[in-house]
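Tertiary structure, described
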Amino acid sequence: MMIEMSAVELARGIAERRFGSREVVDAHIERIEAVNPSLNALVEPRFELARCEADVADSLVAQGADLGPLHGVPCTIKEFFGVSGMRNTGGIYRHRERIASEDATDVARLKAAGAIILGTTNAPEGGLWMETDNKIYGRTSNPWDRKRTSGGSSGGEGALVAAGASPVGLGSDVGGSIRIPAAFCGAVGHKPSGGLFPNTGHFPAAPAGNGAFLCTGPLVRRVEDLWPLIQILAGPDGRDPFCRAMSLGNPDDVKWSDLVVYPLETNGRQGVRKNMREAVRSATDALRDRGATVREIELPRMKKAVDIWAAMLSEAAQVHYPEILGAPGEPVSPWLELLKGCVGRSDYTAITMMIAGLDQFAGRFEKTLARLVEEGHALRAELDDLLGDRGVILHPSYG
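What comes next concerns the included structure. (Residues numbered from 1 in each chain as written. Predicted model: local features only at pLDDT ≥ 70, side-chain atom pairs only at ≥ 80, totals over all residues. Heavy atoms only, no water.)

**Details of the sheet that holds strand 11 (residues 391–394)**
Rules: At least two DSSP bridges between two strands are needed for those strands to be called paired. Here a helix means four or more residues in a row that DSSP labels H or I, a strand means two or more in a row labelled E, and each is numbered from the N terminus. The contact rule is simple, with two residues in contact once any of their heavy atoms fall within 4.5 Å. Axis definition: a line fitted to C-alpha atoms, limited for helices to the stretch in contact. Angles are taken between N-to-C directions and run from 0 to 180 degrees.
Spatial ordering of the open sheet is given by 10-9-11, a layout of three strands whose pairing is parallel. On the outer flanks of this sheet lie strand 10 (293–294) and strand 11, each paired with one strand and no other. Pairing between strand 9 (residues 260–263) and strand 11: four bridges, direction parallel. Paired with Pro263 across the strands is Leu394, a residue of strand 11. Together, strand 9 and strand 11 form the strand contacts of helix 13 (residues 366–387), whose direction differs from that of strand 11 by roughly 120 degrees.

Set out below in C-alpha cells:
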C-alpha cells in the first residue's frame, strides 16, 4: 500500500511510472481525512494546491525531465516552519494571525527536491513542552491510543507519520522535540548534529545564542529515508549564522567491526521501564552479532544531564521565554497569566506559563547555573574522548 511505503520507494515508483504522483498524493489525503478528525495533527491543509502540484509532477515524468530525489512525494511540515502564504504562529495565541511571507530554507529545499506539501502540523505553544497542545489548534492525540499524548513538540508530525498519513515530516528539536514524538508514536526521528541544517524561517526562532541547540530534522516511516533527507537538507544557506558545512560520511560505508557500542540503559536518575531496557539490550545484541565491539560504560555526570542541558540553554540565551511568547515589545507576565488561567481567561496554557515563570528566576541562581555549565563542558569532553569516530551510545528513547 502507498501509505506504508517509504519516501524512497514512492519516489522510485513515480519515476518508473508504476504509479503517479497524483495517485500517491490522493492516497495520503484520503488517509489524512480518515484519521485527522480524531488525531487533530494536521492543522492547515493545502490539498488542492498539492493535487495541482502532483499533476505537474506527473507531466514532468511523462516529458522525461530531470527529477529530484523526492519528485512527487507528499510531505507535511511542522507549523513552526514558514510555508509561504500559510499560518506560522508557533502555537502562540497572540501570533494567531501570523502568515509566513516566504518558505523556510528547509521547506524550500524539500520543494526543490520535488516534495509536495500536504499541509502543516500541530505543535505545543512555543515548542516548550513534550505534549502537543495550544490555544489555537488544540490537542493532538496518539494514533495508537487517543487518550494518550503524541509527544512534542513535533507531535503533529509524529502522529501523522505513524498513522500512515505522511511519508515525510519536517520537525525541529532542542531537547527531544523530534525524538519524543517518534518514540511515542512509532515513527523514525532524527535530530542531527547542531548546525548541520539551517533553521532559517523557523518560528519561534532560537533565542540568540541557542541556535546550535535548535535542530531541524526529519520524521519518517522507514530508516532508509533518513540519509537522502540529510543530503537534501544539509549545508549553510548564508542566513543562519550557526549552520556550517560539515563532511558527511556515507552510512553504507560503515563497517560493523569498526563500531564500539556502549549500552546505557539509564542515566542513573530517571526510571526506565523494563521494555525500554530490553530494547537497549536487543539492539546491543544485534550490533554485537554483526561484529561490533561492546563495552560497558559509566558516566556519573549523566545523572545531571537534564539539569546541565537546562543550564546551558539558559546561559546561551539572550532572549527569554516571556519575550518570545508575548507580542512584539510586550513580554508576557507568566504569573498574571497563571492567575487569569484560574478563571479561564488566559491565552496561554498553564504549563507554558510555569516554564516561562521559572525562566524568569534563572538569573537568581547564577552560581548553580555556572557550576552546571562547567559540568556540561566536562561531560561533553568526556563523551568526545570516549566515542571518538567509532563510538555509539545506545540509550532508551524515553523512560
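Now that the structure has been shown, we can carry on.
**Description of the packing of helix 11 (residues 334–342) against helix 12 (residues 350–361)**
Operational definition: The labels follow the angle: roughly parallel below 35 degrees, roughly antiparallel above 145, roughly perpendicular from 65 to 115, and oblique for the rest. We call a crossing left-handed when the near helix sits turned anticlockwise from the far one by less than a right angle, and right-handed when that turn is clockwise. Under the convention adopted here, Pro, Cys and the residues Ala, Val, Leu, Ile, Met, Phe, Trp and Tyr are nonpolar, Asp, Glu, Lys and Arg are charged, and Gly plus all remaining residues are polar.
Helix 12 packs onto helix 11 with a crossing angle of 155 degrees between their chain directions and a minimal axis gap of 8 Å. Put simply, helix 11 runs roughly antiparallel to helix 12. Of the two possible hands of crossing, helix 11 and helix 12 adopt the one that is left-handed. The residues of helix 12 that touch helix 11, namely those facing Pro334, Trp335, Glu337 and Leu338, are Ala350, Met353, Met354, Ala356, Gly357, Leu358, Gln360 and Phe361. Grouping the amino acids of the contact of helix 11 with helix 12 by side-chain chemistry returns nine nonpolar, two polar and one charged.

**Notes on the nonpolar core**
What counts, and what does not: For our purposes a nonpolar core is just a set of buried Ala, Val, Leu, Ile, Met, Phe, Trp, Tyr and Cys residues, chained together by side-chain atoms within 4.5 Å. Any residue under 20% of the maximum accessible area for its type is buried, any over 50% is exposed, and the rest in between are partly exposed; the area is computed with a 1.4 Å probe on protein chains only.
Of all hydrophobic cores here, the largest spans 32 residues; its most connected members are Leu70, Val73, Ile77, Val107, Leu110 and Leu170. Counting only elements with at least two residues in this core, the list comes to helix 1 (7–15), strand 2 (74–78), helix 4 (105–112), strand 6 (168–173) and helix 7 (226–233). The element contributing the most residues to this core is helix 7, with five residues. Excluding residues that lie within four positions of it along the chain, Ile77 makes contacts with Val83, Val107, Leu110, Ile117, Gly119, Thr120, Thr121, Glu157 and Leu170. Counting residues in hydrophobic clusters, the runner-up holds 18 residues, among them Leu39, Phe47, Ala163 and Ala165.

**With respect to the pairing of strand 9**
Let me state the cut-off plainly: By convention, a crossover is right-handed whenever its connection, traced from the first strand over the helix to the second and viewed with the strands pointing away, goes clockwise.
The side-chain alternation of strand 9 yields two buried faces, one formed by Val260 and Tyr262 and the other by Val261 and Pro263. As paired strands, strand 9 and strand 10 are joined by two bridges and run parallel to one another. The partner of Val261 across the bridge, within strand 10, is Val294. Running through helix 8 (residues 274–289), the crossover from strand 9 to the neighbouring parallel element strand 10 is right-handed.

**Remarks on unusual backbone geometry**
For residues other than glycine, phi is negative in most cases, and the peptide bonds are mostly trans. A cis amide bond links Gly152 to the next residue, Ser153, at an omega of 10 degrees. Even without a glycine there, the phi angle at Arg17 is positive, about 65 degrees. When its relative accessible area of 55% is taken as the criterion, Arg17 is described as exposed. Not every positive phi belongs to a glycine, and Asn40 is a case in point at roughly 55 degrees.

**As for helix 3 (residues 47–63)**
What counts, and what does not: By this rule the span expected of a helix is its residue count minus one, scaled by 1.5 Å.
In this model helix 3 runs 24 Å from its N-terminal to its C-terminal C-alpha over 17 residues, within 8% of the 24 Å that 1.5 Å per residue would give. Contacts made by the buried residues of helix 3 are with helix 1, helix 2 (21–39), strand 1 (42–45) and strand 3 (116–121). Of the residues flanking the end of helix 3, it is Gly64, one or two places downstream, whose phi is positive at about 75 degrees.

**Regarding the packing of aromatic side chains**
Heads up, the condition is: Pairs were defined over the aromatic rings of Phe, Tyr and Trp, the Trp ring being its six-membered one, requiring ring centres within 6.5 Å. Orientation was assigned from the angle between planes: stacked under 30 degrees, edge-to-face over 60, tilted for the rest. In this scheme, Lys NZ or Arg CZ marks a charge over a ring once it lies within 6 Å of the ring centre and within 35 degrees of the ring normal.
Counting across every chain of the model gives one aromatic pair. Each ring, one from Phe184 and one from Tyr398, has its centre 4.9 Å from the other, and the planes form 90 degrees; the classification is edge-to-face. Here Phe184, found in helix 6 (residues 179–185), pairs with Tyr398, found in the segment after strand 11; they are 214 residues apart in sequence, far enough to count as distant. In this structure Phe184 comes out as partly exposed when scored by relative accessible area, which is 23%. The ring of Phe203 carries Arg98 above its face, with NZ or CZ at 3.9 Å from the centroid. A cation over a ring is seen here: Arg290 above Trp256, with NZ or CZ 6.0 Å from the ring centre.

Interpretation note: all reported values are geometric properties and have no functional meaning in isolation.
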